[in-house]
Amino acid sequence: MGWLLSFAKEVVQSAAASVVADELVRLLPCLDHDLEVLRTTLLTTRLRVDNAEQWRFKNAHFDQLLMQLKAAYYDAEDLIAEFDYVELQQKIEGQASLLLSSSLDFVKNLISRAPDKVRQYQRRLDDAAAALEKVIVDLNFRDEPKRSDVLRRRQTGSFVTEPEVFGRDEEREKVIALLLRPGDESGRPSNSESVPAKRMKTDNVSVLPIVGIGGMGKTTLAQVVFNDPRVRHYFETRIWICVSEIFDVKRLTKEVISNVDLRHQTDGKNSSLSRTNRKNLTLYQTGGKNFSSLQVVLNEIATSKRFLLVLDDVWNEDKMEWDKFYAPMRSGYRGSMILTTTRSSKVADIMGTMDSIFLEGLPDDSFWEFFKTCAFGYGNEKLNQELESIAKKIATKLKGTPLAAKTVGGLLKEKMDANHWRSIMNSEMWKLRQGENDIFPALQLSYQYLPPHLKRCFSICSIFPKDYEIDEVSLIELWVAQGFVTSEDNMLPKDVATRYLGELTSRSFLRLRNPNKRYYVIHNLMHDLARSVSAHEVLMVQNNKCEQSSPSSVRHLAILGSYLESSMLKEIGRYSRLRSVLSGIFSGHWSPTYLYFNLTPASGSWFTQLRYIRLLDISRCAIKELPESIDNLKLLQYLNISDTAIGRLPNSLCCLYNLRVLNLDGCPLQSIPKGFIKLINLQNLYMGQNLFSQVAEIGKLTSLQNLPRFEVRKENGHRIAELKDLTQLRRTLCIKSLENVESQEDACQAKLCEKKNLDELVLGWYSNRNTNPVFNDFPLHEKVLEGLSPHRNLRKLEIISYYGNKHPSWLQREKLPFLTSVRIQDCPNLKDICYLPRSLELLVLESVGWESLPKLWDEDSPVEGIRSGSMESSSLSYLSINSCSNLTSLYEWLLPLYLPALKSINIVDCTKLTALHIERFKEFLSLERLEIKNCPKLASQEELFLPSSLLSLHINSCGDLDKSFPSCLQNLTSLMDLDLFNCQHIESLPSKFLGNLTSLKLLRIVNCPELRSLGGSGALTSLQELTILECPRLTETEPMMYVNRVWRKDDPVTLVVVIDNTTLLQLPFFRNLLPSTMSLKIQNSLESLIFVEDSNEWLQILASVRYLSFEHCSNLRSLPAWLRSSTSLQLRMTDCPKIDLLPSLPATL
């Protein structure tokens, strides 16, 4: 706080501040000392709170005292944060700025009341800490230092305690199948198992974990499996150990030995133990405690017979301890197994050699049967209808958790009264009376095992509603804004928070519901647990109602619903200690796309009274402007106003120096305030890409982590050198208008090589060429590109409209070893070939001047005769080559030996391409998509062979390539999409080949003039869309016939048929295609009359049509009169100019 004394001197010397100088100078030295004491007290208080958390569930009064200490801590922390803001302001604006009237008033008000307030907070912290410490001493908590003593150690046995087990048949059979592994005596993972590559072992003894939250029935499932007759028969020795919280290797080793029938191991000639180990065993039995000897005995037992060891309720996360216990059994009798139950995926990963089995809630019907027995008892067939109705509603809330069913069912059974049952139904789970063996103590144990930082991160999750899908980014931002995450080991807070998220997920507190979008959910019971530990701090407002809570203790507020009355919005201003307000984040889940409550009437109180707020999300709210008073929110770190009608940002926004995240997406902003670059802590800025180019001197935002687009200009504040100090940039950086970079030296000033966190780099020049020499200075292009050398960590690279002849020296495998994606577009002059890394997974070339492609493998490796695995091949899985007019051959490049991982090949508009090694395509064993389009010079003496892995095949205008049809279609049983366009050589597609395409969903045949016959439609049971256009010889050569209707009553799919000639419907090919419903589109037909023969026959053919469309039928004159007999028909006509009169149409049309 030395800045306070410096500021005092400035005040003394300032004439403008002379009125308050004496008072401030008198207060500042003492205040400086008191603040330092308070800071130290905060550190010790944080430790006290974290330590006291372990006793919060033992005594309700203790929990109240703990809440009082936390409230005092938060208030003192807020005061310190205000002083930190002034110091930050001084750093950004300089000492002189603080002497301006507006800043000086704030500092004066802060400092003049600070001494008393600092001392008041100091006393409050001291008193709260003393009261808590007294209770700890009075209740002898100090004598119970271990967590295992705080919550009584759980004991389980091998016998099933439930009279009947519901809904676990599938899991039981799966576990038993993995344990027994018929036909595999080796104990190694069989092909039928799913085993992570990193855990695949050659040990004789495998480990199978069962994972799930507390109360899910893991122990019960293990007991059922343990006592199954098949398991009893297969394993000669079965041992059950309840591990619980303390993983004592010596104790567990002793317990395993004690549980074996030692008489059979030591008696007589059949003894399986050596003489030496009988001595060790004797030593053990007489009380010897040598651990090494115990390990030897355990090893002898493990190798003598096939055994099953169940380790129930394991919490150990120390891999070294597990390895020490597992070592003597590692080489045990082949086929032996260890079955373990745990709440933590991390524990399972440490122990498991097989994929874990994750237990979810019981199926709804099984859970209801179980819950009925818990609430009504066994044999109670006639249930009270009112109570049954209430019970079903309660059961829905419990999400299939067996222990929750027992807990709540037991409470219901105490009094078979509807009022009593409704009271329980309307109560939060954590508020219900529960015993030591009920669900909530089980969940509290999981909570107690969390380290302090994870407890804080988990408890605030209660701000999200139940069943809400939590976006990963939103959750991490919430944690960081509240100070729950700190940098460590040069890691950014977001990276640390991502690790926290992984830890909470592995411990079953959160579950990843959507891996692609990174959405998480909290189990209902875990949400109740979070509510129980944050009830004083988190408040929800829903339907204009909120729970009663003291305004002084509430720190986080969630607004649910699409409408909130102005009075309620103003009421929120009373909660002046709020640190988080979330509203817009819930739209789409708990409200419409937009929220309709108008914040404008409440904005005055909000932005004046909520001075300690760190996170504010008012996205999608009805608000048109932010008030100038927003600068009162000096501690604000996260502001989301996206998708609002705010069209202008106040200049005072630029005084929010703590701001880290600003989301302006979807706002109709036209400009950015001039002082924007003072937000030096800004890390993430989300707004329209055009707005980024308006921020002059953006390089001063040195903490910025995202810059999706930077447009280079030749004016100050927009030159490429602005990128120099943006070393924290992550994800994607797109640099446009590189023609405005004047030299290689200027390009080097961007210092892209220092941006180690960038994943993707896009480099683009202006694509429209003209007479301006700046745009046509192609040697300058080469120098600029050379100067834009990225960091070696780069994974994706895109170069657009580069007109140089050479590739940059840094585009090679040694300089960019981790590169996985390269896109080169509109680079017609590029001639020389670079060597791309083998790590490349995606290569897209569009309008590139290369005559051959860069190699992705070892240059010296021969093509023929090489043994599999003796060379490092490429990882390329996606290849797209488009409009590369100089490319003539891929014969020696596109080969399975070099590119074994290829999944997609796309070759389009390569008009000079003549050669492909098509007979080797069948060796692309991973190939799923093949598209070859507009390559008219392709000529091949060989026949195309395709792999059975193919899912999509598109052939269009490919020279002689279509001569391989239809024989190349054999064995394509996985093919789902087939396009044959402009194929001049295809004459038939007989059932011998089409009949193999049992997975085909889309079949499009267009402009195949020689096609005479189709067959095999009966096998196309998955077909959803069929298009046949411009195939005139089909109707000339195929015999016409009327089909006998084949109904598919259970077929829910509507088949879409697109044709240009209605007589095609009479072909035999359609016999088995007509489903129960069909959409028929007649497109570009030249017919003048349609369906003109026997109307009854046509009615039979078209009985399934529900949607009939005529599009661009230029000669069509009329529709058939019998359409009036059709029912449930939708009719559409587009561009049929010769129809001037419609017949009478059905009334149901």
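Counting of residues starts from 1 at the beginning of each chain's written sequence and follows it residue by residue. Two thresholds apply to this predicted model, a pLDDT of at least 70 for residue-level local features and 80 or more for giving and counting side-chain atom pairs, whereas whole-chain, interface and lining totals are computed over all residues. In computing side-chain values, all of the structure's heavy atoms are included and hydrogens and water are not.

The protein chain carries the name Disease resistance protein RGA3 in an unreviewed UniProt entry, which gives Ananas comosus var. bracteatus as its organism. UniProt positions are given in the numbering used here, feature names are shortened, and annotations may be inferred rather than shown by experiment. The annotation that UniProt attaches to the protein chain under Sequence similarities (unreviewed entry) is "Belongs to the disease resistance NB-LRR family."

Participant: How should the overall build of the protein chain be read in this particular structure?
Facilitator: For helices the rule is a DSSP run of H or I covering at least 4 residues; for strands it is a run of E covering at least 2, with both sets numbered from the N terminus onward. Assigned secondary structure in the protein chain consists of 33 helices and 35 strands. Burial classes follow relative accessibility: with a 1.4 Å probe on protein chains only, a residue under 20% of its type's maximum area counts as buried, one over 50% as exposed, and anything between as partly exposed. Going through the 1149 residues of the protein chain one by one, you find that 53% of them count as buried. Taking the intrachain contacts of the protein chain between residues at least 6 apart in sequence as the baseline, contacts between residues at least 24 apart amount to 65%. Methods summary: accessible areas were calculated by the Shrake-Rupley approach with a probe of 1.4 Å, and residue burial reflects only the protein chains presented. Looking at the protein chain as shown, the accessible area adds up to about 49700 Å², and 48% of this sits on carbon and sulfur atoms. In this description, contact between two residues means that some pair of their heavy atoms is separated by no more than 4.5 Å.

Participant: I would appreciate a short explanation of the sheet that holds strand β10 (residues 545-546) in the present structure.
Facilitator: Sheet strands pair via backbone hydrogen bonds, and the direction of the pair is either parallel or antiparallel. By definition, two strands form a pair when at least two bridges between them are found by DSSP. The strand order across the open sheet formed by eight strands is β10-β9-β11-β12-β13-β14-β15-β16, and the pairing between neighbours is mixed. Among the strands making up the open sheet, the edge pair consists of β10 and β16 (684-686). Summarising the sheet, strand β9 (residues 538-542) and strand β11 (residues 556-560) pair through five bridges and their orientation is parallel. Across the sheet, Leu539 pairs through a bridge with Leu557, a residue of β11. Lines fitted to C-alpha atoms define the axes, with helix axes restricted to the stretch in contact, and inter-axis angles between N-to-C directions lie between 0 and 180 degrees. Contacting β12 (580-582), β13 (615-617), β14 (638-640), β15 (661-663) and β16, helix α22 (residues 472-481) crosses the sheet at an angle of about 145° to β13.

Participant: When you look at the nonpolar core in this model, what are you seeing that I'm missing?
Facilitator: Within soluble globular proteins, side chains that are nonpolar tend to cluster in buried spots. The set of buried Ala, Val, Leu, Ile, Met, Phe, Trp, Tyr and Cys residues whose side-chain atoms join them within 4.5 Å is what this entry labels a nonpolar core. In this structure, Trp606, Ile735, Trp893 and Leu894 are the most contacted members of the largest nonpolar core, which totals 178 residues. In this structure, Ala391, Phe458, Ile522 and Met540 belong to the second largest nonpolar core, which totals 97 residues.

Participant: Teacher, can you tell me more about the packing of aromatic side chains here?
Facilitator: A ring pair, where both rings are aromatic, is described by two values, the distance of the centres and the angle of the planes. Pairing of aromatic side chains here covers Phe, Tyr and the six-membered ring of Trp, requires ring centres within 6.5 Å, and sorts the geometry by plane angle: under 30 degrees stacked, over 60 edge-to-face, intermediate tilted. For the coordinates displayed, the defined rule picks out 21 aromatic pairs. Pairing Trp55 with Phe62 gives two aromatic rings, centres 6.4 Å apart and planes at 85°, and the pair type is edge-to-face. Note on Trp55: relative accessible area 2%, which makes it buried. Taken together, a centroid distance of 4.5 Å and an interplanar angle of 35° make the contact between Trp315 and Tyr449 tilted. A residue pair is termed long-range when its members are at least 10 positions apart, and Trp315 in the loop between β3 (307-314) and α14 (319-326) and Tyr449 in the loop between α20 (439-448) and α21 (452-459) qualify at 134 residues. The pair Trp315 / Tyr449 is uniform in exposure class, with both members buried. Put simply, the rings of Phe57, Tyr447, Phe458 and Phe509 touch in pairs and so form one group of aromatic residues. In this structure, Arg574 is placed above the aromatic ring of Tyr575, and the distance from its NZ or CZ to the ring centre is 5.5 Å. Over the face of the ring belonging to Phe945 we find Lys922, whose NZ or CZ atom lies 5.0 Å from the ring centre. For a lysine, the NZ atom is tested; for an arginine, the CZ atom; a charge sits over a ring if that atom is within 6 Å of the ring centre and within 35 degrees of the ring normal.

Participant: How should I be thinking about the pattern of salt bridges in this particular structure?
Facilitator: Between side chains of opposite charge, a pair can form as their charged atoms come close. Any Lys or Arg side-chain nitrogen located within 4 Å of an Asp or Glu carboxyl oxygen qualifies as a salt bridge. Taken as a whole, this structure holds 54 salt bridges when the rule is applied. Asp138 is the partner of Lys134 in a salt bridge, and the nearest nitrogen-oxygen pair spans 2.8 Å. Taken together, the positions of Lys134 and Asp138, both in helix α5 (residues 101-138) and four residues apart, correspond to about one turn of that helix. Judged by relative accessible area, Asp138 falls into the partly exposed class, the value being 47%. Note that Arg929 and Glu931 form a salt bridge whose closest N and O atoms lie 3.1 Å from each other. On the accessibility criterion, Glu931 (13% relative accessible area) is buried. Several salt bridges share partner residues, and in doing so they unite Asp75, Glu77, Asp78, Arg124, Arg555, Arg577, Arg579 and Arg614 into one network.

Participant: When you look at the packing of helix α10 (residues 249-259) against helix α13 (residues 291-304) in this model, what are you seeing that I'm missing?
Facilitator: For any two helices packed against each other, the geometry comes down to the angle between their axes and how far apart the axes lie. Direction vectors running N to C along α10 and α13 enclose 40°, while the axes themselves pass 10 Å from each other. Considering the angle they form, α10 stands oblique to α13. Two packed elements cross with a definite hand, and for α10 against α13 that hand is left-handed. On α13, the residues touching Val249, Lys250, Thr253, Lys254, Val256 and Ile257 of α10 are Phe291, Leu294, Val297, Leu298 and Ile301. For the contact of α10 with α13, the residue count by class is eight nonpolar, one polar and two charged. Angles below 35 degrees are treated as roughly parallel, those above 145 as roughly antiparallel, those between 65 and 115 as roughly perpendicular, and all remaining angles as oblique. In this scheme, a crossing is called left-handed if the near helix is turned counterclockwise away from the far one by less than a right angle; it is called right-handed if the turn is clockwise. In the scheme used here, Gly and all other residues not listed as nonpolar or charged are polar, with Ala, Val, Leu, Ile, Met, Phe, Trp, Tyr, Cys and Pro taken as nonpolar and Asp, Glu, Lys and Arg as charged.

Participant: How should helix α18 (residues 402-413) be read in this particular structure?
Facilitator: Residues lying three or four places apart along an α-helix face the same way, a consequence of the helix completing one turn every 3.6 residues. Given the number of residues in a helix, its expected span is that number minus one, multiplied by 1.5 Å. Taking 1.5 Å as the rise per residue, α18 with twelve residues should run 16 Å; its terminal C-alpha atoms sit 16 Å apart, in good agreement. Among the twelve residues of α18, nine are classified as buried, and the element is accordingly described as predominantly covered. Of all the positions in α18, only Pro402, Leu403, Ala404, Ala405, Thr407, Val408, Gly409, Leu411 and Leu412 are classed as buried.

Participant: Just to check I follow, could you spell out the pairing of strand β21 (residues 821-827) for this structure?
Facilitator: Two faces make up the sheet, and in a regular strand the side chains alternate between them. Among the seven residues that make up β21, five are buried, leaving the element largely enclosed by the rest of the structure. Bridging between strand β20 (residues 796-800) and β21 involves five bridges; their strand directions are parallel. By the bridge assignment, Ile799 is partnered in β21 with Ile824. With six bridges connecting them, β21 and strand β22 (residues 842-848) associate as parallel partners. Residue pairing in the sheet places Gln825 in a bridge with Glu846 of β22.

Participant: How should I be thinking about helix α3 (residues 60-93) in this particular structure?
Facilitator: Spanning 34 residues, α3 covers 49 Å between terminal C-alpha atoms, matching the ideal 50 Å at 1.5 Å per step. Of all 34 residues that make up α3, 24 are buried, and the element is covered over most of its length. The N-terminus of α3 is capped by Asn59, whose side-chain oxygen sits 2.8 Å from the backbone nitrogen of His61. Gly94 lies just past α3 and shows a positive phi near 90°. Two N or O atoms count as a polar contact when they lie within 3.5 Å, although within protein this holds only if one can serve as hydrogen donor and the other as acceptor, and sequence-adjacent residues are included solely when both atoms are side-chain atoms.

Participant: Would you mind showing me how to read unusual backbone geometry here?
Facilitator: As a rule of thumb, non-glycine residues mostly have phi less than zero, and peptide bonds are mostly trans rather than cis. Along the chain, Phe965 connects to Pro966 via a cis peptide bond; the corresponding omega equals 5°. The residue Pro966 is located in the loop between β26 (952-956) and β27 (977-981) in this model. The backbone of Ser244 shows a phi angle near 60°, a positive value even though the residue is not glycine. Note that Ser244 resides in strand β2 (residues 237-244).

Participant: How should the environment of Thr401 be read in this particular structure?
Facilitator: Structurally, the position occupied by Thr401 is in the loop between α17 (385-397) and α18. Its relative accessible area of 0% is what places Thr401 among the buried residues. Sequence separation between Thr401 and Ile439 is 38 residues, and the spatial gap between their C-alpha atoms is 9.1 Å. Residues within four places of Thr401 in sequence aside, it is in contact with Gly214, Gly215, Met216, Phe367, Ile439, His523 and Leu525.

Participant: Can you help me understand the sheet that holds β3 in this one?
Facilitator: Reading across the sheet, the five strands line up as β2-β3-β4-β1-β5 and stay open at both edges, with parallel pairing between neighbours. Of all the strands in the sheet, just β2 and β5 (357-358) have a single pairing partner and so form its edges. Strand direction decides the pairing type here: strand β1 (residues 206-211) and strand β4 (residues 337-342), joined by six bridges, are parallel. Residue Ile210 lies in a different strand from β4, and its bridge partner there is Thr341. On top of the sheet, helix α7 (residues 169-180) reaches β1, β3, β4 and β5; it is set at about 170° to β1, its chief contact.

Participant: How should I be thinking about the side chain of Lys70 in this particular structure?
Facilitator: Considering the arrangement of structural elements, one finds Lys70 in helix α3. Given a relative accessible area of 9%, Lys70 falls into the buried group.

Participant: Quick question: what am I supposed to make of the confidence of the model for the protein chain here?
Facilitator: The predicted coordinates should not be examined in detail at positions where pLDDT is low. Averaged over every residue, the pLDDT of the protein chain is 83; residues scoring 70 or more account for 83%. Note that pLDDT drops below 50 for residues 588-594; the model gives that stretch 16 contacts with residues more than four away or on any other chain. For the stretch residues 861-870, pLDDT sits under 50, and the model shows twelve contacts to residues farther than four places along the chain or on other chains. One number per residue, pLDDT, summarises how confident the predictor is, and it ranges from 0 to 100.

Participant: Help me understand the packing of helix α16 (residues 364-376) against α17 in this model?
Facilitator: Across the interface, α16 lies against α17 with an axial gap of 10 Å and an inter-helix angle of 125°. Judged by the inter-axis angle, α16 sits oblique to α17. For the crossing formed where α16 meets α17, the hand is right-handed. Counted together, Phe367, Trp368, Phe371 and Phe376 of α16 and Leu387, Glu388, Ala391, Lys392, Ile394 and Ala395 of α17 form the full contact between these two elements. For the contact of α16 with α17, a count of residues per class yields eight nonpolar, no polar and two charged.

Participant: What is the right way to read the environment of Tyr638 from this model?
Facilitator: Here Tyr638 lies in strand β14. Relative accessible area serves as the criterion here: at 9%, Tyr638 is assigned to the buried category. Between the C-alpha atoms of Tyr638 and Arg614, which are 24 residues apart in sequence, the distance is 6.3 Å. Here Tyr638 is in contact with Glu477, Ala481, Arg614, Leu615, Leu616, Leu659 and Val661, once residues within four sequence places are set aside.

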